[in-house]
Amino acid sequence: MKAVILAGGLGTRIVEESFLKPKPMIEIGEHPILWHVMKIYACQGVDEFIVCLGYKSGVVKDYFLNYHYYNSDLTIDLAANHIEIHHKRQDIMKVTLVETGLETNTAGRLKRVEPYLRDDERFCLTYGDGLADLDLPALLNFHQGHGCSATVTAVQPAGRFGLLDVARGGLVRNFQEKPPGDGGWTNGGFFVFNRDVFQYLPDNADGLSLERDFLTRLFQAGQLMAYHHRGFWKCMDALRDKHELEALWHSGQAPWKCWE
């Protein structure tokens, strides 16, 4: 099974860093958030990836082409033009990097990688900027059990602000820091699709949105089911989100970290 990761957007809401690199390459700790997303899958048995590139694709290609250089100690003999790599990281991952166009919309990016999925009965797909303590085997079992072509992971993101429970007279009875939102569920990515979902995308899907067009066609056909994830989920949508994720990572208690 493969996981497709959407990593080609402009990242306009985190422009403080995305003017230099695509948003999935912005670091959480010492690694790009794209690496964290891939590790969530890899530590649960899905270790083949198709990364949909667009904006500043060369940054992503450079990272993976020089992966061991970026993640190892090096001895560089300038006179002999020789590099010795020490403590080489042994990540078990196979990565296919696909140029899906600078202006291509999200459903169009998926359509463009269809040739790389022809041998797969089903596949995963997610965004390159969202992290979760996802139970992947449970998600896959849910998908296999319901018989529809597509599963979306539904999440309840935390509210932006804390809530005060205030009694008459002004006495604060309770304070809850960033509680769950209004009780509604939203698209958290981490999809599972059967191979037949491509029948809902035309040959030229470049202008189509994954959410507005593709998922709409799936639910209108009665082929979209929601897997309810009640654990941790966070999207790096703005600089404050990056800071919150980094704080969790450096604390040693990152909820999404399922690997040693």
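Colleague: It is not clear to me how the pattern of salt bridges should be interpreted in this structure. Could you clarify?
Modeller: Two side chains bearing opposite charge may form a pair once their charged atoms approach each other closely. Counting across every chain of the model gives 13 salt bridges. Where Glu246 meets Lys242, a salt bridge forms, and the shortest distance between an N and an O atom there is 3.6 Å. Taken as a pair, Glu246 and Lys242 lie in helix H8 (residues 239–250) at a separation of 4 residues, close to a single helical turn. We note that Glu246, like Lys242, is buried. If you follow the salt bridges from partner to partner, you end up with Lys23, Asp129 and Asp237 in one network.

Colleague: How should helix H3 (residues 57–65) be read in this particular structure?
Modeller: Considered for burial, the residues of H3 that qualify are Ser57, Val60, Tyr63 and Phe64. End-on view of H3: buried residues confined to an arc of 125°, all on one side of the axis. Buried residues along H3 sit against strand E3 (31–32), helix H2 (33–42), strand E4 (48–53), helix H4 (67–70) and strand E7 (94–99).

Colleague: Would you explain the state of the cysteines in this entry?
Modeller: Note on terminology: a disulfide is the covalent bond linking the sulfur atoms of two cysteines. Following the criterion strictly, the structure yields 1 disulfide and no others. The residue that forms a disulfide with Cys43 is Cys258, at a sulfur-sulfur distance of 1.9 Å. Judged by the torsion about the S-S bond (-65°), the Cys43/Cys258 disulfide is left-handed. Within this pair, whereas Cys43 is found in the loop between H2 and E4, its partner Cys258 is found in the segment after H8, the two being separated by 215 residues in sequence. Using a relative accessible area of 40% as the deciding quantity, one classes Cys258 as partly exposed.

Colleague: In this structure, what is going on with a nonpolar patch on the surface? I would like to understand it.
Modeller: On the surface, a nonpolar cluster with roughly 490 Å² of combined accessible area is contributed by Tyr69, Leu74, Ile76, Leu78 and Ile83. Looking at the element boundaries, Ile76 is found in strand E5 (residues 73–77).

Colleague: Looking at this model, I keep getting lost on the pairing of strand E8 (residues 122–127). Mind explaining?
Modeller: The side chains of a regular strand alternate between both faces of the sheet. With 5 of its 6 residues buried, E8 lies for the most part within the structure. As paired strands, strand E1 (residues 2–7) and E8 are joined by 4 bridges and run parallel to one another. Looking at the pairing, Val4 lines up with Leu125 of E8. Of the strand pairs in this sheet, E8 and strand E14 (residues 191–194) are connected by 4 bridges, and their pairing is antiparallel. Each residue of the ladder has a partner; that of Phe123, found in E14, is Phe193.

Colleague: Got a minute to help me understand unusual backbone geometry in this structure?
Modeller: Only a minority of non-glycine residues have a phi that is not negative, and only a minority of peptide bonds are not trans. We note that Lys56 has phi near 50°; this positive angle belongs to a residue other than glycine. Tracing the sequence through the fold places Lys56 in the loop between E4 and H3. Despite not being glycine, Phe190 shows a phi value in the positive range, around 50°. Mapped onto the elements, Phe190 comes out in the loop between strand E13 (186–187) and E14.

Colleague: Would you mind showing me how to read the side chain of His146 here?
Modeller: With respect to the secondary-structure elements, His146 resides in helix H6 (residues 136–146). A distance of 2.6 Å separates a polar atom in the side chain of His146 from a polar atom in the side chain of Thr151.

Colleague: What is the right way to read H8 from this model?
Modeller: Residues lying three or four places apart along an α-helix face the same way, a consequence of the helix completing one turn every 3.6 residues. Taking 1.5 Å of rise per residue, 12 residues should cover 16 Å, and H8 covers 17 Å from first to last C-alpha, within 8% of that figure. Among the residues making up H8, those that are buried are Asp241, Lys242, Leu245, Glu246 and Trp249. Mapping the buried residues of H8 onto a view down its axis gives an arc of 135°, with all of them on the same face. The first or second residue beyond H8 is Gly252, which carries a positive phi of 80°.

Conventions and cut-offs
- Residues numbered from 1 in each chain as written.
- Predicted model: local features only at pLDDT ≥ 70, side-chain atom pairs only at ≥ 80, totals over all residues.
- Heavy atoms only, no water.
- Salt bridge = Lys/Arg side-chain N within 4 Å of Asp/Glu carboxyl O.
- Helix = DSSP H or I, 4+ residues; strand = E, 2+ residues; numbered from the N terminus.
- Buried < 20%, exposed > 50% of the residue type's maximum accessible area, 1.4 Å probe, protein only.
- Arc of directions from axis to C-beta.
- Contact = heavy atoms within 4.5 Å.
- Disulfide = S-S within 2.5 Å.
- Patch = residues over 30% accessible without salt bridge, like charges linked within 9 Å, V, L, I, M, F, W, Y side chains within 5 Å.
- Areas by Shrake-Rupley, 256 points an atom, 1.4 Å probe, with all protein chains shown as cover.
- Pairing = 2+ DSSP bridges.
- Polar contact = N/O pair within 3.5 Å; in protein donor to acceptor, adjacent residues only side chain to side chain.
- Expected span 1.5 Å × (residues − 1).

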